[in-house]
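What the coordinates show
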Amino acid sequence: MKNPATEMYRELRELGWERLWGEEVARFDAGGAEYRAGRVALVRAVGVVFSESGCASQREAVVEWLRGLLEDPNERIRRYAMAALPKVGERAVVERALAGVARGVAGERERRHVGKALAKVAGRRALEVADVLPAAMAQKIKAGAAREAGGRVLLDVDIPAGVRIHLRGRRGLEGFVRSEVEGSRLLRGRMRVVGGGSGLVALEAVGGFTLGDVFSLRCFGSLNLVLGEVARDSEAVAGVIASGRAWGMVHALTEGVPRYRLEFVGEGHRRGAVAEIAERVHALRPEMLNDARLALWALDLHSAGGRLSVELRPRLVPDPRFSYRLADVPAASHPPLAAAMALLAGRGESVWDPFCGSGVELVERARLGGVRRVYGSDLSGEALRAAEANLKAAGVKGVLRCCDFREFPRIAGIRAGGVDQIITNPPLGRRVPIPDLKEMIGDLFALAAEVLRPGGVLVLANPVGSEWRGDARLRRDVSQRVDFGGFDCRIERYRVRPSRRA
Ligand SMILES: C[S@@+](CC[C@H](N)C(=O)[O-])C[C@H]1O[C@@H](n2cnc3c(N)ncnc32)[C@H](O)[C@@H]1O
């Protein structure tokens, strides 16, 4: 059934600012209490329409009109005016008007509305009245002001031993993460693997470390500092988040006011539970602010048996490990996955990605060291431009050509047996159907057998369900099933048999 107020609002919006202001507002102002109460949708429509149109002097007149409505005897009209003001007015003017109202408001409901409107313009004056507003609104206003003041997660601050870390990521990459940890010179003697699960490697810090140290690993998706494991109970969760230990950690690791976003991972929005926990945390630890927008930290609640693992995760955008990715293509590889493929390729001096896209595999392999020649081909000019920008940002020099991969060895002057490694995430035909996909992959295997040196490796993503078969001259020695973001692939490694030319 149609809501008459919503219908009226829609109709009024369609009128355009001249008729709205010249006719409807004039009639509203001249109308009696009952008429005005029935036309409250006009206040909303004016807010929206004048946020998008009208010149500065008209908007000033609208702000004056809305400010007048803040004193209307009708509570609904006052509320609508509060919501409309931040859309139209200059921030300082709106803040002053709403802060003035906040001080005088008696009812809880109206206080909530004024708080909601103030949170949209949160500045110094809003902060001054924050404590007369309901706690949730006060927290929003403080978070807004803190967001504006800026801040960052500190990657170079020492974290003492004893902390448990969950490295989470794509299912199937756990083995790569573990071997990265165990092979890391930076983490040797300071971090040990203590467990894991699907998409999870659990570490314990046996020595001091920094977040930056852990970010030297490239195959995990997110770094989570475990604050504790508790019953599924808001009070218990809030207790852990507001505890002295958690605060000590988050405070030391943040420049500025720590703001966090709370999420029940894999359980949908759960807004009610999130709001309840955030309010309790704020009551216990007012310095720690819940903020759904651009928070520096995430507090992830992961299901752990019947309990919840409470985990603190830095929200670093862009991920500092992959900040060379200045340009992207729609089918770009998940960078930790590309890093795992690069790791699997092992040592070699020359590497080619026949379907290089934005060049993630090439950069990841080059970063591991020992590579002298980097080759990339792609049919798409846009992808090639992305690869050029990314390789340049990563400080990697390469020969990149816009051509069919079958043509590339000739164009780039690669002789038979002249390449050590091919690492590639080929088109899978999911987004853009490719009629001759199987034939194309057959050509890739054949070409790999030609251009790779004896013992050279081809690392590729092979979709589960419609697996592509290799070439008699290649021997598969690794096949690891991995979540490719909603579907499974195998990361496979093929080695050229020494006897291939016999
Ligand atoms: C899955 S994407 C590769 C993504 C890449 N690894 C990245 O991270 O950006 C596959 C790429 O293969 C390219 N491609 C498709 N057919 C090709 C062909 N015959 N020769 C060369 N490139 C081709 C597409 O343009 C696309 O950029």
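Considerations on the overall build of the protein
- Summing up its helical and strand segments, the protein has 20 helices and 17 strands in all.
- On C-alpha atoms alone, the protein measures out to a radius of gyration of 29 Å, which is more than a quarter above the 23 Å that the 2.2 N^0.38 rule sets for 502 residues.
- Looking at the protein as a whole, 49% of its 502 residues are labelled buried.
- Residue pairs at least 24 apart in sequence account for 68% of intrachain contacts in the protein once pairs closer than 6 positions are excluded.
- As presented, the protein carries roughly 23,400 Å² of accessible surface, and 49% of it is formed by carbon and sulfur atoms.

Observations regarding the site of the ligand
- In the vicinity of the ligand, 22 residues are found, and the nearest of them are Ser333, Ser358, Glu361, Asp378 and Asp404.
- Contact between the ligand and Ser333: an oxygen atom at 2.8 Å from a main-chain N or O atom of the residue.
- Note that a nitrogen atom of the ligand is positioned 3.2 Å from one of the backbone N or O atoms of Leu379.
- Of the residues assigned to the shell around the ligand, the class counts are 13 nonpolar, five polar and four charged.

As for the packing of aromatic side chains
- Here the structure, examined in full by the defined rule, presents 10 aromatic pairs.
- Seen from their ring centres, Trp21 and Phe50 are 6.0 Å apart, and the 70° between their planes marks the pair as edge-to-face. Residue Trp21 is located in helix α2 (residues 17-30), and its partner Phe50 is located in helix α4 (residues 41-52); the two are separated by 29 residues in the primary sequence.
- Here the aromatic cluster, defined as three or more aromatic residues joined through ring pairs, consists of Trp17, Trp21, Phe28, Phe50 and Trp65.
- The ring of Tyr9 has Arg44 lying over it, and the distance from NZ or CZ to the ring centre is 3.8 Å.
- The ring of Phe220 is capped by Arg321, whose NZ or CZ atom sits 4.1 Å from the centre of that ring.

Focus on the domain arrangement of the protein
- By domain assignment, the protein separates into domain 1 (4-149), domain 2 (164-314) and domain 3 (324-496).
- For domain 1 versus domain 2, the distance between C-alpha centres works out to 39 Å.
- With seven residues of domain 1 in contact, the opposing surface of domain 2 contributes 12 residues.
- At the boundary of domain 1 with domain 2, total buried surface from both sides reaches about 830 Å², with 57% on carbon and sulfur atoms.
- Seen at the junction of domain 1 and domain 2, the total is one salt bridge.

Calculation notes
Residues numbered from 1 in each chain as written. Predicted model: local features only at pLDDT ≥ 70, side-chain atom pairs only at ≥ 80, totals over all residues. Heavy atoms only, no water. Helix = DSSP H or I, 4+ residues; strand = E, 2+ residues; numbered from the N terminus. Rg over C-alpha atoms; globule rule 2.2 N^0.38 Å. Buried < 20%, exposed > 50% of the residue type's maximum accessible area, 1.4 Å probe, protein only. Contact = heavy atoms within 4.5 Å. Areas by Shrake-Rupley, 256 points an atom, 1.4 Å probe, with all protein chains shown as cover. Near = heavy atom within 4 Å. Polar contact = N/O pair within 3.5 Å; in protein donor to acceptor, adjacent residues only side chain to side chain. Nonpolar A, V, L, I, M, F, W, Y, C, P; charged D, E, K, R; others polar. Phe/Tyr/Trp six-rings, centres within 6.5 Å; stacked < 30°, edge-to-face > 60°. Lys NZ or Arg CZ within 6 Å of the ring centre and 35° of its normal. Domains from an automatic or database assignment. Buried area = accessible area lost by both parts, 1.4 Å probe. Salt bridge = Lys/Arg side-chain N within 4 Å of Asp/Glu carboxyl O.

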